[in-house]
Amino acid sequence: MTVQEVKQRFGIIGTQSALDRAVFKAIQVAATDISVLVTGESGVGKENIPKIIHHLSHRKHAPLVAVNCGAIPEGTIDSELFGHEKGAFTGAAGARKGYFEEADGGTIFLDEVGELPLGTQVRLLRVLETGEFIKVGSSKAQKVNVRVVGATNVDMLEKIDKGQFREDLYYRLNTVEISLPPLRERKGDIHLLFRKFAQDFSQKYRVPAVRLSDEAVRVLETYRWPGNIRQLRNLVEQLCVVESDREINAEVLRQYIPEIDRRSVPARRDDALSQSEFQTEREILYKVLFDMRNDLNNLKQVVAGLAGGSFQAPQAPPAEASLPVLRHSEPASNPEVPRYMDLPQDDEETLDVDSAVEPDERLSLLDLELETIRRVLERHKGRRKNAAAELGISERTLYRKIKQFGLD
Ligand SMILES: Nc1ncnc2c1ncn2[C@@H]1O[C@H](COP(=O)(O)OP(=O)(O)O)[C@@H](O)[C@H]1O
Ligand SMILES: [Mg+2]
């Protein structure tokens, strides 16, 4: 299969040579059993690579098992990956197959492999070197025939330096490295991807596709896309659902692009800190504090719930809280009721948490809140829906706060 054919078959959009090179490498190694490590920032499309490798290999009729190593608690990861015997630990009522056994004859994709605990790394190294593993609570080694593809968005060499990742395992995993470029280095592909996603969502929501003005295209091309293709896809979905005008101009678009990336400092720093950068810096601090305050409120709610005997779970943090536009990233299951619109999500309303804080502290927290809300509203030219989305609170809560602070 050629690179073009593979891209078509797997829905991979892009014309940049770095992307083609990655696809080419995946095709080349597919027929072998060599371990592959896929590297690249979050959202660049790393999951495409194990799919290509698996489906172009002789293993294609056996399972491709994907495991997110970063999402499994340290206490259970060994048993999830390698299985356990009956009675191996408290609560292990029966024996259980691990993912390696389930993937026998096929491929296992270890996403966020850099997050594996050291003990698990030893077990993994053993499988890679001998094709053998031992279930938790067993003393008998079992054979398994699995091809391993790992992925990571962290600097593995730094992990090794810090003693968090075994060097021998790294070299064993990284026999071939396939790296995917960040979106900001694929400027030429941004508009292409936009059009593809606009098409996808127009079908999904049965509305005409959104289009960009020339200036809006330039806005997209100069943004630094910390969340890469996932973030772009998300943005197109929001535009598609929220905006009534199908032609998106730069001004509308800017409201969907965070000027700052919350909880992360701009990647590039110039020597002289200009006034505007100073503003940005301050905004970052405001935002971080604002978020912390929300977290604090959630915590207090839990504590209050525990004290009162009625545990009330706090709102789960969004999966990718560091990227503002991804706050509402889950695709709406029902196209009629898009999640980003007006669903209440303001648990903080139910409790007068402010009363639990010292008076002075309360004053400065209120100040901070007022200032943050004022700035965000200003940036969104008073559009509450967008401001609320950026702040991560519901429109209803924002409305109440505007009243409270007399911000009208
Ligand atoms: N080249 C591409 N063309 C079209 N969509 C892509 C491309 N690369 C990634 N995507 C989409 O972007 C999203 C993020 O990709 P994913 O593989 O989950 O990223 P990663 O694992 O690197 O964080 C997915 O919805 C995926 O389908
Ligand atoms: Mg991923």
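Residues numbered from 1 in each chain as written. Chains lettered and ligands numbered in written order. Predicted model: local features only at pLDDT ≥ 70, side-chain atom pairs only at ≥ 80, totals over all residues. Heavy atoms only, no water.

### Notes on the overall build of the protein chain
In plain terms, the rule: Only DSSP runs of H or I with at least four residues qualify as helices, and only runs of E with at least two residues qualify as strands; both kinds are numbered from the N terminus onward. Relative accessibility thresholds used throughout: buried, under 20% of the residue-type maximum; exposed, over 50%; partly exposed, between the two (1.4 Å probe, protein chains only). We call two residues contacting when some pair of their heavy atoms lies within 4.5 Å. For the area figures, the Shrake-Rupley method with a 1.4 Å probe applies, and any residue is considered shielded solely by the protein chains shown.
The helix and strand tally for the protein chain stands at 16 helices and 9 strands. When each of the 408 residues of the protein chain is scored for burial, the buried share is 46%. By sequence separation, contacts in the protein chain at least 24 residues apart represent 73% of the contacts at least 6 residues apart. Accessible surface computed for the protein chain: about 20,700 Å², of which carbon and sulfur atoms make up 51%.

### Side note on the site of ligand 1
Formally: Nearness is defined per residue: one heavy atom within 4 Å of the molecule or strand is enough. Here a polar contact is recorded for every N or O atom pair within 3.5 Å, except that within protein the pair must consist of a potential hydrogen donor and a potential acceptor, and residues adjacent in sequence are included only if both atoms are side-chain atoms. For this classification, Asp, Glu, Lys and Arg are treated as charged, while Ala, Val, Leu, Ile, Met, Phe, Trp, Tyr, Cys and Pro are nonpolar and the rest, including Gly, are polar. Note that the domain bounds were set by an automatic or database domain assignment.
Not every one of the 16 residues close to ligand 1 is listed here, only the nearest: Ile13, Gly43, Lys46, Glu47 and Arg230. Within the backbone of Val44, a nitrogen or oxygen atom sits 3.3 Å from an oxygen atom of ligand 1. Within the side chain of Asn48, a nitrogen or oxygen atom sits 3.4 Å from a nitrogen atom of ligand 1. For ligand 1, the protein covers 85% of the area, taking 560 Å² as the surface of the free molecule. If you tally residues by element for the shell around ligand 1, the top one is helix H11 (residues 228–242), at 3 residues. Looking at the shell around ligand 1 residue by residue, the classes come out as 6 nonpolar, 5 polar and 5 charged. Summarising the domain contributions, the shell around ligand 1 has at least three residues from each of domain 1 (3–179) and domain 2 (183–254).

### Quick word on the pattern of salt bridges
The cut-off we apply is this: Whenever Lys or Arg places a side-chain nitrogen within 4 Å of a carboxyl oxygen from Asp or Glu, that contact is recorded as a salt bridge.
The tally for this structure, following the rule as stated, stands at 19 salt bridges. Between Arg184 and Glu41 there is a salt bridge, and its shortest N-O distance comes to 3.0 Å. Of this pair, Arg184 sits in the loop between strand S7 (176–179) and helix H9 (187–205) while Glu41 sits in the loop between strand S1 (36–39) and helix H3 (48–55), placing them 143 residues apart in sequence. With relative accessibility at 24%, the residue Arg184 sits in the partly exposed group. Taking relative accessible area as the criterion, Glu41 reaches 28% and is therefore assigned partly exposed. The residue Arg123 makes a salt bridge to Asp78 at a minimum N-O spacing of 3.2 Å.

### A word on the packing of H9 against H11
To keep things clear, this is the line we draw: To define axes, lines are fitted to C-alpha atoms, for helices over the stretch in contact only, and angles between the resulting N-to-C directions are given on a 0 to 180 degree scale. Roughly parallel means an angle under 35 degrees; roughly antiparallel means over 145; roughly perpendicular covers 65 to 115; every other angle is labelled oblique. Note: crossing handedness is left-handed where the near helix turns anticlockwise from the far helix by less than a right angle, and right-handed where it turns clockwise.
Their axes nearest at 9 Å, the elements H9 and H11 cross at an angle of 45°. As summarised for this structure, H9 and H11 are arranged oblique, according to the angle between their axes. Crossing hand, H9 versus H11: right-handed. Across from Ile190, Leu193, Phe194, Phe197, Ala198, Phe201, Ser202, Lys204 and Tyr205 in H9, the residues of H11 making contact are Ile229, Leu232, Arg233, Leu235, Val236, Glu237, Leu239, Cys240 and Val241.

### Thoughts on the packing of aromatic side chains
Let me state the cut-off plainly: Two aromatic rings, drawn from Phe, Tyr or Trp (for Trp, its six-membered ring), form a pair once their centres lie within 6.5 Å of each other, and the interplanar angle then sorts them: stacked below 30 degrees, edge-to-face above 60, tilted otherwise.
Applying the stated criterion across every chain yields a total of 5 aromatic pairs. Between the aromatic rings of Phe201 and Tyr205, the centroid separation amounts to 6.2 Å while the plane-to-plane angle is 25°, which identifies the pairing as stacked. You can see Phe201 and its partner Tyr205 sitting in helix H9, 4 residues apart, about one turn around the helix. The exposure class assigned to Phe201 is buried, which follows from its relative accessible area of 3%. A residue is classified by how much of its surface remains accessible, and Tyr205, at 11% relative accessible area, is buried. Their ring planes at 80° and their centres at 4.8 Å tell us that Tyr223 and Trp225 sit as a pair that is edge-to-face. For the residue pair Tyr223 and Trp225, the accessibility class agrees, reading buried in each case. A network of ring pairs unites the aromatic residues Phe82, Phe100 and Phe133 as a single cluster.

### Focus: the pairing of strand S6 (residues 147–152)
Counted only if it meets this: Should DSSP find at least two bridges between two strands, the strands are taken to pair.
Among the 6 residues that make up S6, 6 are buried, leaving the element largely enclosed by the rest of the structure. Burial along S6 is two-sided: the residues Arg147, Val149 and Ala151 and Val148, Gly150 and Thr152 are all buried. The sheet contact formed by S1 and S6 spans 4 bridges and is parallel. Looking across to S6, one finds that Thr39 is bridged to Thr152. Across 4 bridges, the pairing between strand S3 (residues 107–111) and S6 is parallel. Residue pairing in the sheet places Leu110 in a bridge with Gly150 of S6.

### Details of helix H6 (residues 118–130)
Rules: A helix is expected to span 1.5 Å multiplied by its residue count minus one. Picture the helix axis, draw a direction to every C-beta atom, and the arc is the one those directions span.
Helix length check: H6, at 13 residues, gives a terminal C-alpha distance of 18 Å against a target of 18 Å (1.5 Å per residue), a fit within 8%. Of all the positions in H6, only Thr120, Gln121, Leu124, Leu125, Val127 and Leu128 are classed as buried. Along the axis of H6, the buried positions cluster into a sector of 160°, meaning they face one direction only. Buried residues along H6 sit in contact with helix H4 (77–82), helix H5 (99–102), S3, strand S4 (132–134), S6 and helix H8 (167–173). A positive backbone phi angle near 70° is found at Gly131, which sits one or two residues after H6.

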